[in-house]
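Reading the structure
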Amino acid sequence: MFQDNKSNKIVSKRLKLIIILCSFVISFVIAADDSTRERKIKIAGFGATSGTLQSLGINSRAVLEAAVEQINIRGITTGDGVTADLDLSYYDSACNVDTATSVINKIIETDAIVGMGPTCSGVAEVIYGHFQKKVDSLDDSGLQFPILADTPMKIGLAKKSEWVFRNVANEWVMYDKLFDWVQTKYPNLKTYHAGIEIDQGHSKATWSKVIKVHADKHGYKQVGEEHWSMRDTSFSVQSRKFSQSNADIIIISAHPPTTCGILKELALQKITPKILIGLTSSASPETALLCTDAAEGITIPTSFYPASPLARKVVRQAALKGGNVDLHSAAAWENAEIIKRIIQDTGIIGKPETLKEDRRKMRDGLAALKSTKGLLGIIERTADGEAMKPYFIVQLIGGEWSVVHNPN
Amino acid sequence: MMIFLQNCIDGFMIGGFYALFALGFTLMFGVMKWTNLAYGSCIMLGVFSGIWMHLHFQLDLFWIFFVIILITVIAGYYVERLCYRWLPKKAFMAMMVSSFAIWMQLDEIVRIYFPSRSYPFPRLMDNDLMMIGPLMFKAEGLLILVICGLLAGTIFLFLYKTRYGLAMRAVSEDPVASRYVGINMPSILLGTSIIASVIGGIAGFLMATSDAQVSTEFGLWVTYKSLIAMTLAGLGSIRGAVLGGIILGVIEANSLWYLGAEYRDLVSFMLFFIVLVILPGGLLGTAKEQKARAAVRRG
């Protein structure tokens, strides 16, 4: 008995020694692995992390940081065979053209090989105009720096320059398919009445250039159009006009705060259209939180829904960084993956002395992409630098977004 | 005609809020001769503090109300110290501009700690519609109008029936003479600032609970609506603030219906401008006030 105890103690001591040694070895390997990542490939993000639309920039930054962290676990193989880390710097460009212009100028002075931003379509529209329109054009001294945008939604922004690429949802296709679905699901609808937040570039442009065009194309007759601004708090006048027209479809092209404002007023005045259609940006947790009951049944096409295990993982990782994932910020994760792929495919080196060539390789790599892997499936790339992302048609039911149509 | 009447009713409902906010604004202007541009931001800070307490400690509305009042008063005190008390009394421009700087500062504080665009706020009551014939009234809107009337009445009585109110009016009329007759100026000025903040806190709470959500644009909205409402009917006048709020609400509702949202603010600001040019003392200003303010305007 005594002998057994003694041998047990010896075994136990040896086991402890082995565990301690193993711990040392693992720590050493991890530390050694870190020390091999001396090569840092700089990338820059920029968006509105202050001001009215700061939540969009904060979400993009959080998702981007989470994506870079995941990529850096394995590292990226550079053109000269070195395993490198991505080194992200994120800049606040507010939602302001002057700030964004100075941020872009600052980023170009750094060793960043690519920039990702900005948040606001109105800002993007102006600053993308500063970039060289046609690559290698001798009489165009515009900025020569690749941009891969995640948030600005206004249609056709990537056409501004051959250095600009976007990975944003294609609202043109999504709303076309949404109205196809509405026609199938609700065959007897004839009229629509729209409400637009007119002081936001996205809501205003998406209404006039996308939603209205498709609604008309599908044979629906417009019976009214109401406007408000993003600071408005009272919607009783607009709601009475909705009530007066008694349209089959009510379309709200506005961001969550005023979408909820008008929907609460519609509910109060007991205005119940056959179907309620919203802006892509409103398919977010914010809408579900602000007006769970009033927004019941609102139908929106979206390019993000936590449908896949990867998408759910991104939601968790972003939450750890203090951000939410929606159709805008989800693209930031995909963008980081696209950048990783191009670095590896085009042999980007990531050294200060190769900066100019690396930026060019990044641009050419982005231009050459035919498709990329997204959170919800394969994203097709178009010749003009835009994306054709997989999408869903979702409806707010019982405070949760549910997929009502999956065309993928 | 019915549409016009309904627009007026809607205008009264939102005008009640404008009037409430303008009441605090006008009190400060009347007694302290100070255009406190940070007023809306102080209220917003109070409202967001209430939201924070609600989110973290699940406080019920009763306690949220007190938190909002308390923080609005503290913020008002902070602004009063920085932008009024420590500046020379004749430096009107410096007082106004410094309050603008504090406005921006408070707005940024709120945006830093509340990064989302908007936050839900618990409701005080279910907002029901009441129909009287073809006309529609909101229960909540009527409540706001009643509260506005009660607050305006209370302030009026306070100013005209109490010794403290008399002292406030004396300071408003002639600060130098008030000091000679032994009125404690710092106490009056501080008291005015606190009363204005309490009114602002009440208005902020009612607005937030009525909308059931608050955005970080709230401070700006309060400041420019109450500034117009206060100026329309009479700078520094209690009745003027209430009337100005209601007029602004009615004009907005009608211009929204007949002209559209694009013209609503254009019409309000045009009216604001016309009143300032033709009746510098506001719609309720006396002939003497109009003359005096017109003389100031001419320099």
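In the block above lies the structure referred to throughout.
A brief structural summary. (Residues numbered from 1 in each chain as written. Chains lettered and ligands numbered in written order. Predicted model: local features only at pLDDT ≥ 70, side-chain atom pairs only at ≥ 80, totals over all residues. Heavy atoms only, no water.)

Judged by nonpolar contacts, the single largest core of 80 residues is most densely connected at Phe21, Leu23, Val47, Phe121 and Phe218 of chain B. Counting residues per element, this core draws most heavily on helix H1 (residues 2-32) of chain B, at 14 residues. Non-local contacts of phenylalanine 121 of chain B, meaning those with residues more than four positions away in its chain, are made with Val47, Ile51, Leu61, Ile64, Ile68, Phe205, Ala208, Thr209, Ala212, Gln213 and Val214 of chain B. If you look at the next biggest cluster of nonpolar residues, it comprises 68 residues, including Ile41, Leu88, Met153 and Met362 of chain A. (Core = buried A, V, L, I, M, F, W, Y, C linked by side-chain atoms within 4.5 Å. Buried < 20%, exposed > 50% of the residue type's maximum accessible area, 1.4 Å probe, protein only. Helix = DSSP H or I, 4+ residues; strand = E, 2+ residues; numbered from the N terminus. Contact = heavy atoms within 4.5 Å.)

The next point concerns the state of the cysteines. Summed over all chains, the structure comprises two disulfides over all chains. Between cysteine 260 of chain A and cysteine 291 of chain A runs a disulfide, and the two sulfur atoms are separated by 2.0 Å. Disulfide cysteine 260 of chain A-cysteine 291 of chain A: torsion about the S-S bond near -60°, hence left-handed. Residue cysteine 260 of chain A is found in helix H8 (residues 256-268), and its partner cysteine 291 of chain A is found in the loop between helix H9 (285-290) and strand E11 (299-302); the two are separated by 31 residues along the sequence. Taking relative accessible area as the criterion, cysteine 291 of chain A reaches 4% and is therefore assigned buried. Each bonded cysteine of chain A gets a number by its place in the sequence, and the pairs then read 1-2, 3-4. Left unpaired, cysteine 8 of chain B is separated from the closest cysteine sulfur, that of cysteine 148 of chain B, by 17 Å. (Disulfide = S-S within 2.5 Å.)

A word on the packing of helix H9 (residues 218-233) of chain B against helix H11 (residues 261-278) of chain B. All names here are of chain B. For the pair H9 and H11, interaxial distance at closest approach is 9 Å and the crossing angle is 40°. Comparing the axis directions of H9 and H11 gives the class oblique. For the element pair H9 and H11, the recorded crossing hand is left-handed. Judged by residue contacts, Tyr224, Lys225, Leu227, Ile228, Thr231 and Leu232 of H9 engage Asp265, Phe269, Leu271, Phe272, Val275 and Leu276 from H11. (Axes fitted to C-alpha atoms, helices over the stretch in contact; angles between N-to-C directions. Parallel < 35°, antiparallel > 145°, perpendicular 65-115°, else oblique. Left-handed = near helix turned anticlockwise from the far one by under 90°.)

A separate point is helix H3 (residues 97-109) of chain A. All names here are of chain A. The end-to-end C-alpha distance of H3, which contains 13 residues, comes to 19 Å, matching closely the 18 Å that a straight helix rising 1.5 Å per residue would cover. When H3 is considered as a whole, its buried residues turn out to be Ala100, Thr101, Val103, Ile104, Ile107 and Ile108. One side of H3 carries all its buried residues, which in axial view fall inside an arc of 165°. Across H3 from its buried face, at more than 90 degrees, point the exposed residues Asp98, Lys106 and Glu109. Those residues of H3 that are buried are in contact with strand E1 (40-47), strand E3 (83-92), helix H4 (121-127), strand E5 (147-149) and helix H12 (355-368). N-cap assignment for H3: the residue whose side-chain oxygen lies 2.9 Å from the backbone N of aspartate 98 is asparagine 96. (Expected span 1.5 Å × (residues − 1). Arc of directions from axis to C-beta. Polar contact = N/O pair within 3.5 Å; in protein donor to acceptor, adjacent residues only side chain to side chain.)

Next up on the list: helix H5 (residues 171-185) of chain A. Residues and elements named next belong to chain A. If you check H5, its first and last C-alpha atoms are 20 Å apart, about what 15 residues at 1.5 Å a residue would give, namely 21 Å. All of the buried residues in H5 are Glu171, Met174, Tyr175, Asp176, Leu178, Phe179, Trp181 and Val182. Two or three places before tryptophan 172, at the start of H5, stands the capping residue asparagine 170, its side-chain oxygen 3.2 Å from that residue's backbone nitrogen.

Our next topic: a nonpolar patch on the surface. All names here are of chain B. A cluster of nonpolar side chains, Met1, Met2, Ile3, Phe4, Leu5, Tyr258, Leu259, Tyr263 and Leu266, forms an exposed patch at the surface whose accessible area comes to about 910 Å². Of all the secondary-structure elements, those providing two or more residues to the nonpolar patch are H1 and H11. Looking at the secondary structure, you find methionine 1 in the segment before H1. (Patch = residues over 30% accessible without salt bridge, like charges linked within 9 Å, V, L, I, M, F, W, Y side chains within 5 Å. Areas by Shrake-Rupley, 256 points an atom, 1.4 Å probe, with all protein chains shown as cover. Salt bridge = Lys/Arg side-chain N within 4 Å of Asp/Glu carboxyl O.)

What follows covers the pattern of salt bridges. Residue and element names in this part refer to chain A. According to the stated counting rule, one finds 27 salt bridges over all chains in the structure shown. The shortest N-O distance in the salt bridge between glutamate 334 and lysine 389 comes to 2.8 Å. A residue pair is termed long-range when its members are at least 10 positions apart, and glutamate 334 in helix H11 (residues 330-346) and lysine 389 in the loop between strand E14 (387-388) and strand E15 (392-397) qualify at 55 residues. For the residue pair glutamate 334 and lysine 389, the accessibility class agrees, reading buried in each case. Arginine 360 is the salt-bridge partner of aspartate 364, the closest N and O atoms lying 3.1 Å from each other. Placement of the pair is aspartate 364 and arginine 360 together in helix H12, with a separation of four residues, close to one helical turn. Taking the relative accessible area as the measure of exposure, arginine 360 reaches 26% and is therefore partly exposed. Three or more residues joined by partner-sharing salt bridges are found here, namely Asp136, Arg360, Arg363 and Asp364.

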